[in-house]
Amino acid sequence: MAVSAGAGPEAVARRLRDGMAGGVLSFPLTSFRDDGTLDPDGFRAYVAERLAASPGAVFPACGTGEFFSLDEDEYRQVVTLTVEEAAGRVPVVAGIGYGWAQAVRFARIAEEAGADALLVLPHYLVAAPQDGLVAQLEQIAARTRLPLIAYQRGQVAFTAQSLQRIAALPNVIGLKDGHSDLDRLQRLTLAAPEDFLFFNGAATAEIQARAYATVGVPAYSSAVHAFAPEIADAFFAALRDGDHGTVDKLLRDFYVPLVELRDRVPGYAVSLVKAAARLRGHRVGPVRAPLTDPSPADLAALTTVLTAGLDLVGAAL
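So, a few notes on the structure that sits alongside this text.

Thresholds applied
- Residues numbered from 1 in each chain as written.
- Predicted model: local features only at pLDDT ≥ 70, side-chain atom pairs only at ≥ 80, totals over all residues.
- Heavy atoms only, no water.
- Core = buried A, V, L, I, M, F, W, Y, C linked by side-chain atoms within 4.5 Å.
- Buried < 20%, exposed > 50% of the residue type's maximum accessible area, 1.4 Å probe, protein only.
- Helix = DSSP H or I, 4+ residues; strand = E, 2+ residues; numbered from the N terminus.
- Contact = heavy atoms within 4.5 Å.
- 1 Å grid on protein atoms, 1.4 Å probe; cavity = no way out; pocket = protein on both sides within 12 Å on 5 of 7 lines; lining within 4 Å.
- Points joined across faces, edges and corners; volume = space filled by probe spheres on them.
- Nonpolar A, V, L, I, M, F, W, Y, C, P; charged D, E, K, R; others polar.
- Pairing = 2+ DSSP bridges.
- Axes fitted to C-alpha atoms, helices over the stretch in contact; angles between N-to-C directions.

### Brief notes about the nonpolar core
At step 1: Membership of the largest hydrophobic core comes to 75 residues, with the highest contact counts inside it found for L16, F59, Y75, I96, L119 and L137.
At step 2: Looking at this core, the element that brings in the most residues is helix α4 (residues 100-113), giving seven residues.
At step 3: Residues contacting I96, with those up to four places away along its chain left out, are F67, Y75, A103, F106, A107, L118, L119, V120, L121 and I140.

Here you go:
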């Protein structure tokens, strides 16, 4: 069933809930040419391949997609191409961010492009009290018809009381968590309305997927799906089916080495993902500054880790 244009928050939330139960959430990379300009044709082909791997939903122009390096015209192209390729098969949730005034500008572009919902990335630079975090969502929600998913990470962390306030906004339908503070997250899930969506947005979310599930948050985003959906899907199926032996093997022999490599350099949470996609022949190009591409030594290590992971699931580089 396709998501219809202009579907209300309840309909979009239902589609997202169904998708989250059946697959990982895909956060596609944004394709750039070697000179740093946007590569629309490369991006279209890349997104089509992500969609062919049957994600639960697709989230263009978010953190993995280098949202903060895109200008408004590039953002419009990225969201429009994703909507066209998805063709209603899965929900398209576009990233927005910065302060609320600029976030609203991106929200309007995403709405015009046909996105189904918006992921509100952490605001820019400054720390803020709880009233300010709530006001940020209120200002955005008042200026878009699209459903919103809040993202708590970095300087954004909601209390249970603040979560209740944003959940009361008619078009705020969920929360992505990147803090991995399970005590806080459990309090949030208990305070939220029954139909409120939560998902695990930790970096390399599979590492903590079992822990998140214990507090009622089994759904997660997968950066690995951006370059190795075979591995991401095998992990998802094993976790869903209670196959802890396979989960442990994938964690031990692929995900943990990947995370150890990721932690060597700031920004590798995106740079390594993009490098891995290039290793698999995807036309995604380099990262944009301030991110940097992996060093030759780290690229060699990534090749070893990726080859081992693909071997585990019977796939090839």
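### Re the environment of P229
At step 1: Position of P229 relative to the elements: it lies in helix α9 (residues 229-241).
At step 2: Look at P229 and you get buried, because its relative accessible area is 12%.
At step 3: Sequence spacing of P229 and A52 is 177 residues, and the spatial spacing of their C-alpha atoms is 9.7 Å.
At step 4: Beyond its immediate stretch of four places on either side in the chain, P229 contacts R50, A53, V224 and R280.

### Remarks on the layout of surface pockets
At step 1: If you add up the space inside the largest pocket, you get close to 830 Å³.
At step 2: Lining the largest pocket are 35 residues; nearest its centre among them are G63, T64, R153, A269 and V270.
At step 3: Elements represented by at least two residues in the lining of the largest pocket include exactly β8 (221-222), α10 (244-262) and α11 (268-279).
At step 4: For the lining of the largest pocket, the element with the most residues is α11, which contributes five residues.
At step 5: In terms of residue class, the lining of the largest pocket is made up of 21 nonpolar, nine polar and five charged.
At step 6: Approximately 440 Å³ is the volume found for the second largest pocket.
At step 7: As for the second largest pocket, its lining consists of 21 residues, and the residues nearest its centre are M20, F198, G216, P218 and A219.
At step 8: Those elements that place two or more of their residues in the lining of the second largest pocket are α1 (9-22), β7 (197-200), α8 (209-214) and α9.

### Quick word on the sheet that holds strand β6 (residues 172-177)
At step 1: Read across the sheet, five strands follow the order β3-β4-β5-β6-β7 without closing on themselves; strand pairing throughout is parallel. Single-partner strands in this sheet number two, and they are β3 (93-96) and β7. When the angles between neighbouring strand axes are averaged without regard to direction, this sheet yields 25°.
At step 2: One ladder, built from four bridges, connects β6 with β7; its direction is parallel. Across the sheet, D177 pairs through a bridge with N200, a residue of β7.

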